[in-house]
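Survey of secondary and tertiary structure
Each chain is listed here by its residues.
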Amino acid sequence: MTTNMTMSLPDEVAAFVKAKGNASAYTARILRREMLAEELEKSARVRAEAGIVTAAAEPAETEDATLGRWARVAGR
């Protein structure tokens, strides 16, 4: 399901997003990254409070691989 939204953006930001072609798909991808990042930050705080040590991303990992791993960690 999707929801139609209208946003006001600074001119340079709007131009950047429009240049990506499918502005909705690009915006959704960026917002999903932010959602996962927030969930991972929360999860990291909880793990740290519990004394659980976790490793950072693999050095040679691609962005898509990192996002996939984050999604698995976040339970998506």
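Criteria and cut-off values
Residues numbered from 1 in each chain as written. Predicted model: local features only at pLDDT ≥ 70, side-chain atom pairs only at ≥ 80, totals over all residues. Heavy atoms only, no water. Salt bridge = Lys/Arg side-chain N within 4 Å of Asp/Glu carboxyl O. Helix = DSSP H or I, 4+ residues; strand = E, 2+ residues; numbered from the N terminus. Buried < 20%, exposed > 50% of the residue type's maximum accessible area, 1.4 Å probe, protein only. pLDDT = per-residue confidence, 0-100. Phe/Tyr/Trp six-rings, centres within 6.5 Å; stacked < 30°, edge-to-face > 60°. Axes fitted to C-alpha atoms, helices over the stretch in contact; angles between N-to-C directions. Parallel < 35°, antiparallel > 145°, perpendicular 65-115°, else oblique. Left-handed = near helix turned anticlockwise from the far one by under 90°. Contact = heavy atoms within 4.5 Å. Nonpolar A, V, L, I, M, F, W, Y, C, P; charged D, E, K, R; others polar.

1. Examining the pattern of salt bridges
All chains considered together, the criterion is met by one salt bridge. Here Asp64 ties to Arg29 by a salt bridge, and the two come within 2.9 Å at their closest N and O atoms. Within this pair, whereas Asp64 is found in helix 3 (residues 63–73), its partner Arg29 is found in helix 2 (residues 23–49), the two being separated by 35 residues in sequence. Assessed through its relative accessible area of 53%, Asp64 is described here as exposed.

2. Let's talk about the confidence of the model for the chain
In the predicted model, the chain carries a mean pLDDT of 87, and 93% of its residues have values of at least 70. The element-level mean pLDDT for the chain is lowest in helix 3, coming to 82, with helix 1 (residues 11–19) highest at 95.

3. A closer look at the packing of aromatic side chains
Enumeration according to the criterion identifies one aromatic pair in this entry. Both rings, one in Phe16 and one in Tyr26, keep their centres 6.0 Å apart while their planes meet at 70°; by these two values the pair is edge-to-face. Residue Phe16 is found in helix 1, and its partner Tyr26 is found in helix 2; the two are separated by 10 residues along the sequence. Look at Phe16 and you get partly exposed, because its relative accessible area is 45%.

4. Some remarks on the packing of helix 2 against helix 3
Following both chains from N to C, one finds helix 2 and helix 3 inclined at 50°, their axes separated by 10 Å at the closest point. As far as their axial angle goes, helix 3 and helix 2 are oblique. The two elements helix 2 and helix 3 meet at a crossing, and its hand is left-handed. Every residue of helix 3 that contacts helix 2 at Arg29, Arg33, Leu36 and Leu40 is listed here: Glu63, Asp64, Leu67, Trp70, Ala71 and Val73. Grouping the amino acids of the contact of helix 2 with helix 3 by side-chain chemistry returns six nonpolar, no polar and four charged.

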